[in-house]
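Topology and contacts: notes
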Amino acid sequence: MGGGALTLGATSTVPLTYDFGGFPERYYEVRYPAPVHPGCRPGARIAAHAGTPTHDAPERGLDHGAYVPLVEMYPDADVPTLQISMPTLDPAD
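Presented here is a report on the structure given in the accompanying data block.

Thresholds applied
- Residues numbered from 1 in each chain as written.
- Predicted model: local features only at pLDDT ≥ 70, side-chain atom pairs only at ≥ 80, totals over all residues.
- Heavy atoms only, no water.
- Helix = DSSP H or I, 4+ residues; strand = E, 2+ residues; numbered from the N terminus.
- Contact = heavy atoms within 4.5 Å.
- Phe/Tyr/Trp six-rings, centres within 6.5 Å; stacked < 30°, edge-to-face > 60°.

1. Let's talk about the overall build of the protein
When helices and strands are tallied, the protein shows two helices and two strands. If you list the helices and strands of the protein from N to C, you get β-α-β-α. Taking as baseline every contact in the protein between residues at least 6 positions apart, the subset at least 24 positions apart corresponds to 79%.

Written out as structure tokens, the structure is:
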């Protein structure tokens, strides 16, 4: 193992992260205010069980890899959501 820390995204509703470029303006206007369950501290639970270092990024909103499918599956943004990075694509990790 050794792919790095799992990065845990925002645990409150923050603006989306538009980490892409060169697309029509409408893609940068998408909003998806996914909630977090009140009193939920998922980052602490994940860190306790991850078996790898974790890093909290409370300012990082959902990126297109997360919100694009969520918009289609849950268009009302009514499902608590936590984005977790994939620090490596190594199947063993």
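2. Thoughts on the packing of aromatic side chains
Enumeration over the complete set of coordinates arrives at six aromatic pairs. For the ring pair Phe 20 and Phe 23, a centre distance of 5.4 Å and an interplane angle of 85° mean the geometry is edge-to-face. Ring centres 5.0 Å apart and planes at 35° place the aromatic pair Phe 20 and Tyr 28 in the tilted group. An aromatic cluster of three or more residues is present, and its members are Tyr 18, Phe 20, Phe 23, Tyr 27, Tyr 28 and Tyr 67.

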